[in-house]
Amino acid sequence: MRLSPFLALLITARIAVGVSPLGAQEDRTARLVGRVLSDQSTPVGGAVVQALRAGTTESTTSDGTGGFRFAELVPGLYRLHVRRIGFQPVTLDSVAVEPGATSSITVRLTQVPLAVDSLLVSAEPVVTIDRTESEHRRVVTQRELALLPTANEVRSLIGFLPGVRADQVWGAATAQANNYLLDGIPVNHPGLGGDLLQPNVTWVDRIEVKGLGTGAEYGNFQGGIVNVVTKSGGSRFDGALRVNLESDRFNGSNLQATEIGQEPASRWEADGYARGPLVRGRLSYAVFGQLVERDQRVLNHVRFIPGELSPEVPEERNLKLLGKLSWEASPSDAVALTLAPFRSDVERFGLSGFESPEATQRARGRHLFYNLAWQRITSPRSFLEVRLGGLGGTDRLDPYAGPEVPGLRTVGEVDPRSYQNAAFRERRRARSTTLAVRWELDVVALGLGHRLKLGGEHTVGSWLSERRRNGGLTWRPGDRLFDPVFEPSQTTTWPFSGVINSTWGGEVQLDAGLQNSALYLQDDVSLNRFVALNLGARLGRWSGRLAPTIGAPRFDAVRDVALEPRLGISIDPSGHEAVVLKAHWGRYHQGLFAGLFDRADGASVFSDEERWAYSGPIFPDPTTRFTPAERDALAAQGQFERVETIRLSEVGRVEGYRQPYVDQAVVGLEVAFGRHWKAEVAYVDRRNRDMVALVDRNLESNYTVFENVRVLDRFLRPVFFGGKELLLPRLAISNE
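Residues numbered from 1 in each chain as written. Predicted model: local features only at pLDDT ≥ 70, side-chain atom pairs only at ≥ 80, totals over all residues. Heavy atoms only, no water.

## Quick look at the overall build of the protein
This is how the line gets drawn: Helical segments are the DSSP runs of H or I of at least four residues, strand segments are the runs of E of at least two, and each set is numbered from the N terminus. Only heavy atoms enter the contact rule, under which two residues are in contact if any of them lie within 4.5 Å. Residue burial considers only the protein chains on display, and all accessible areas are found by Shrake-Rupley using a 1.4 Å probe. Only four residue types enter the tally: Lys and Arg on the positive side, Asp and Glu on the negative side, with His and both chain ends excluded. Where a charge sits is defined by one atom per residue type, namely NZ (Lys), CZ (Arg), CG (Asp) or CD (Glu).
Scanning the protein from N- to C-terminus turns up four helices and 39 strands. Restricting to contacts in the protein with at least 6 residues of sequence separation, those with at least 24 account for 71%. Summing over all exposed atoms, the protein offers an accessible surface of approximately 35100 Å²; the carbon and sulfur share of this is 57%. A distance of 4 Å separates the average location of the 85 positive side-chain charges in the protein from that of its 86 negative side-chain charges.

Below, the structure is given as structure tokens:
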């Protein structure tokens, strides 16, 4: 393969008023609340609390309950310095405050006869260890994103984190095992699992990945939690515009005529944003937009189309928009509203080089994400958050020749050629709405400090998926290269061995509804400055419903209620957060999606695919079609014969359904080396339980079972696995 030259055009413009190019650094949209306690967990009033960052200092004083509050901070990392006469001063490094959010912290002071301290101001990022939680979490912030070579998809950014890959988090299975959030609202696919929406990379403020030792406030995953937090507006205007152009007129090609594949031909992208205040100190906005247009070069393998490359190629246009309003309603209340429409249009979708352009599809996608969040700080010890959000959208794959014209697909399971029309048309609709309430409260009970997190969430979703075969059947002529040579428009050249094959069925009618609900309580208990316990319980409820046919009333397919206990401990032998040992055990249930119950008995979601051979008179019109009734009538006359049935419609009676879960044990050690280095090692043990499967109870009668079957390669040599010859204890082969 030869190397090709590459040339791309990049135009970037940044707009800033009264700020540096990183104008967002002046946005005062973050809040920090906390409480100062003694080492005996009693409130410390009159303590001076200073937040230090980049040479600036914000100061406040704790009240009689030990509470303090910073109402307007620039988002970023702070050094928090707390002092009070009679106590040893404390300095906390790398206290993170996020844009548009309220962060909370508890500071403990040790009583001494007298303490006189000095201040050291530094804005350098430093590593820290949280000794109050047994969770191992990962975060990618704007700082890291600015230094790393980012790709075009947010999914790829997750791979920058240790132990995490784009879809497989903490060694779990595929993306279906994860719980994907956008600004704290689930954006999981209600039908297939995994993430339904991918925000633009430039919208990202940070990416949080959780799952190892996570408390009871999170659930509906067996892998991990991926929360993408988008940027907010601020008190200063900031904007940027970037335009990128790539064209095959400037680039060489790596495609070879003997290959099967495609490559980008051209790509045009406009990406921009603007942020700033509408009412200074009270109301701010942020708007983002990305428009991408691209097409592909596709090698042509259809002999009726001249040229090495397909003359008509896939053309894609994607538009992503996001708008966010942040309102400081009062000193105690903050409200944020986010709307993000997504639009996708693709011409000649599915063109791989083995189709004529009219046999492809026109793809259309329209989706909307919304999120309304309210945060209230009733006191420095109490924080309440309510979120209402979700997503909705449709996708369509439409044939160019319309739904009445059958597709034409040559006989052959490997690289058959397609003509005349696409085989199927498809329609999909996904909806999901979530209401989440969380209340965090710092209390002192039995002489111990408790951080309580209690709340609940309720998600209602639906998934409609419809796939219909165009014309009711797909003709499967033989691609003969000798007389009479196959010609798609000449039906007299279609017969192969005296018949014209056709394919019927293989359709989908799925109409499902689902619910994922939970109530939880998490108690993070500080026994002293050496030991902390993390105790939690989550009560989950899952419900799935199916319609016998699209539009019909739904019936209960699956339902389950289960308790998820969580228990963790962290030990700091020195009390200085230099070496912390963490251990956690918890149970985590998989979030419900339609793919877990779409084969429940009572619904006709999938239809079998049948192969029929036609031996009647040759029809002159290549768009000729027959209804099933006409086919059966001709079959009675010997002109149609069913030659094969591919079973796709299997369903099963739901018995003893339990929501799948994983029992996870984590033991880890975190060691800090100075201010900039930290080593971490973690051992994870996962045991999956209550897996869902479609089981044939008539195995003995429907299959012939062979025992101790040796596996050979194509040269009849034994296949080895793990250093041993591969031997299958039992192999069942269908009797059909």
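## Overview of the layout of surface pockets
Rolled over the atoms, a probe with the dimensions of a water molecule shows which regions are left empty. The cut-off we apply is this: A cavity here means a set of 1 Å grid points, computed over protein atoms only, where a 1.4 Å probe fits but cannot escape. A pocket is an open set with protein on both sides within 12 Å along at least 5 of 7 lines, and lining residues have an atom within 4 Å of a point. Grid points are joined across faces, edges and corners, and a volume is the space filled by probe spheres set on the points. Any residue outside Ala, Val, Leu, Ile, Met, Phe, Trp, Tyr, Cys, Pro, Asp, Glu, Lys and Arg is labelled polar, Gly included; the first ten of those are nonpolar and the last four are charged.
By volume, the second largest pocket is sized at about 1200 Å³. Lining the second largest pocket are 43 residues; nearest its centre among them are L196, Q198, E316, N318 and S344. Those elements giving two or more residues to the lining of the second largest pocket turn out to be α2 (154-157), β17 (283-298), β18 (315-330), β19 (333-349), β20 (361-379), β21 (382-399) and β24 (424-445). Looking at side-chain class alone, the lining of the second largest pocket contains 15 nonpolar, 14 polar and 14 charged residues.

## A short note on unusual backbone geometry
In this structure, P484 follows D483 across a cis peptide bond, with omega equal to -10°. Secondary-structure assignment places P484 in the loop between β26 (474-476) and β27 (500-505). Here N220, not a glycine, exhibits a phi torsion of approximately 60°, which is positive. Along the chain, the position of N220 falls in the loop between β13 (204-212) and β14 (225-230). A positive phi angle, close to 55°, is found at D690, a residue other than glycine. By the secondary structure assignment, D690 is in the loop between β35 (677-689) and α4 (699-702).

## Observations regarding the side chain of E466
Using the following cut-off: For the exposure calls, accessible area comes from a 1.4 Å probe over protein chains only, and a residue counts as buried if that area is under 20% of its type's maximum, exposed if over 50%, partly exposed in between. Polar contacts here mean pairs of N or O atoms no more than 3.5 Å apart (in protein, one a potential hydrogen donor and the other a potential acceptor; neighbouring residues in sequence count only if both atoms are side-chain atoms).
Its location among the elements puts E466 in strand β25 (residues 448-469). The exposure class assigned to E466 is buried, which follows from its relative accessible area of 15%. One polar contact links E466 to R427, side chain to side chain, over a distance of 2.6 Å. Of note is the side chain of E466, whose polar atom sits 3.1 Å from the side chain of R468.

## Things to note about the confidence of the model for the protein
Put simply, the rule reads: Known as pLDDT, the predictor's per-residue confidence is scaled from 0 to 100.
Across the protein, the average pLDDT comes to 87, with 93% of residues at or above 70. Confidence drops under a pLDDT of 50 for residues 1-26, and excluding neighbours within four residues, the segment shows 55 contacts in the predicted structure. Confidence drops under a pLDDT of 50 for residues 114-123, and excluding neighbours within four residues, the segment shows 20 contacts in the predicted structure.

## Topic: empty space enclosed by the protein
Scanning the model with the defined rule gives four cavities of 30 Å³ or more in all. In this structure, the largest cavity is lined by 13 residues; those nearest its centre are Y180, D195, L197, Q198 and V228. Elements with a minimum of two residues in the lining of the largest cavity: α2, β11 (179-182) and β14. The dominant element in the lining of the largest cavity, judged by the number of residues it contributes, is β11, at three residues.

## So, the pattern of salt bridges
Pairs may arise between side chains of opposite charge once their charged atoms sit close together. So the rule is basically this: We define a salt bridge as a contact between a side-chain nitrogen of Lys or Arg and a carboxyl oxygen of Asp or Glu at a distance within 4 Å.
Counted under the stated rule, the structure contains 60 salt bridges. For D167, the salt bridge is made with R155, and the minimal N-O distance between the two is 3.6 Å. With D167 in the loop between α2 and β11 and R155 in helix α2, the pair connects residues that are 12 residues apart, well separated along the chain. For the salt bridge of K582 with E670, the shortest nitrogen-to-oxygen distance reads 3.1 Å. Residue K582 is located in strand β31 (residues 579-589), and its partner E670 is located in strand β34 (residues 661-673); the two are separated by 88 residues in the primary sequence. Here K582 matches E670 in class, with each residue buried.

## Observations regarding the nonpolar core
Formally: Take the buried residues of types Ala, Val, Leu, Ile, Met, Phe, Trp, Tyr and Cys, join any two whose side-chain atoms come within 4.5 Å, and each joined set is a nonpolar core.
Core analysis: the biggest nonpolar cluster contains 54 residues, and I207, V209, F369, L510, L546, L592 and F597 have the highest contact counts within it. When residues no more than four places from it in sequence are discounted, the contact partners of L546 are L510, D511, A512, P553, R554, F555, A557, F597, D598, A600 and A603. Membership of the second largest hydrophobic core comes to 21 residues, among which are A47, F70, L80 and V95.

## Thoughts on the sheet that holds strand β22 (residues 407-409)
What counts here: Should DSSP find at least two bridges between two strands, the strands are regarded as paired.
Read across the sheet, six strands follow the order β23-β22-β26-β27-β32-β33 without closing on themselves; strand pairing throughout is mixed. Each having just a single partner strand, β23 (418-419) and β33 (640-646) make up the two edges of the open sheet. Looking at chain direction, strand β32 (residues 609-614) and β33 are connected through six bridges and run antiparallel. Within β33, the residue paired with Y614 across the bridge is F640.

## Considerations on the sheet that holds strand β2 (residues 30-38)
Strand pairing in a sheet takes place through backbone hydrogen bonds and is either antiparallel or parallel in direction. Strand order in the open sheet formed by four strands is β5-β2-β9-β7, with mixed pairing between adjacent strands. Whereas interior strands pair on both sides, the edge strands pair on one side only; in this sheet they are β5 (67-73) and β7 (87-88). Of the pairings in the sheet, the one linking β2 to β5 comprises five bridges and is antiparallel in character. When the bridges of β5 are listed, R35 appears paired with G67.

## Regarding the environment of D205
Looking at the secondary structure, you find D205 in strand β13. We classify D205 as buried; its relative accessible area is 5%. In the structure, D205 is positioned 24 residues away from V229 in sequence and 5.6 Å away in space, judged by C-alpha atoms. When sequence neighbours within four positions are dropped, the list of residues in contact with D205 reads E98, P99, V140, T141, Q142, V229, T230 and K231.

## Some thoughts on the environment of P314
Positionally, P314 belongs in the loop between β17 and β18. Judged by its relative accessible area of 11%, P314 is buried. For the pair P314 and N421, spaced 107 residues apart in sequence, the C-alpha separation works out to 16 Å. When near neighbours in sequence (up to four residues on either side) are disregarded, P314 contacts R294, D295, Q296, V298, E347, R348 and L351.

## Focus on the packing of aromatic side chains
Pairs of aromatic rings are described using the distance from one ring centre to the other and the angle between the two planes. Using the following cut-off: Paired rings are identified among Phe, Tyr and Trp, the last through its six-membered ring, by centres lying within 6.5 Å, and are further divided according to the angle between planes into stacked (under 30 degrees), edge-to-face (over 60) and tilted (the rest). Distance and angle both matter: a charge sits over a ring if NZ of Lys or CZ of Arg is within 6 Å of the ring centre and within 35 degrees of the ring normal.
What the rule picks out here adds up to 20 aromatic pairs. Considering the side-chain rings of F304 and F486, the 6.1 Å spacing of their centres and the 75° angle between planes classify their relative orientation as edge-to-face. On the criterion of sequence distance, the pair formed by F304 in the loop between β17 and β18 and F486 in the loop between β26 and β27 is long-range, its members being 182 residues apart. The interplanar angle of 50° and the centroid separation of 6.3 Å between the aromatic rings of W475 and W494 together place this pair among those described as tilted. Of this pair, W475 sits in strand β26 while W494 sits in the loop between β26 and β27, and the two are 19 residues apart along the sequence. For W494, a relative accessible area of 0% translates into the label buried. The ring of F606 carries the charged tip of R599 above its face, separated from the ring centre by 4.2 Å.

## Looking at the pairing of strand β30 (residues 555-571)
Relative to β30, strand β29 (residues 531-546) runs antiparallel, the two sharing 16 bridges. From the neighbouring strand, N534 faces β30, where its bridge partner is G568. Sheet topology places β30 next to β31; six bridges connect them, and they run antiparallel. Of the residues in β31, the one forming a bridge with I571 is L581.

## Structural notes on a nonpolar patch on the surface
Put simply, the rule is: For patch detection, residues must exceed 30% relative accessible area and be free of salt bridges, and they are connected within 9 Å for like charges or within 5 Å for nonpolar side chains (Val, Leu, Ile, Met, Phe, Trp, Tyr).
Judged by side-chain polarity, L278, V279, L325, L337, L339, L368, L372, L388, L435 and V437 come together as a nonpolar surface patch covering roughly 790 Å² of accessible area. Those elements that provide at least two residues to the nonpolar patch are β16 (262-279), β19, β20 and β24. Assignment of secondary structure puts L337 in strand β19. Exposure remark for L337: the relative accessible area of 36% places this residue in the partly exposed category.

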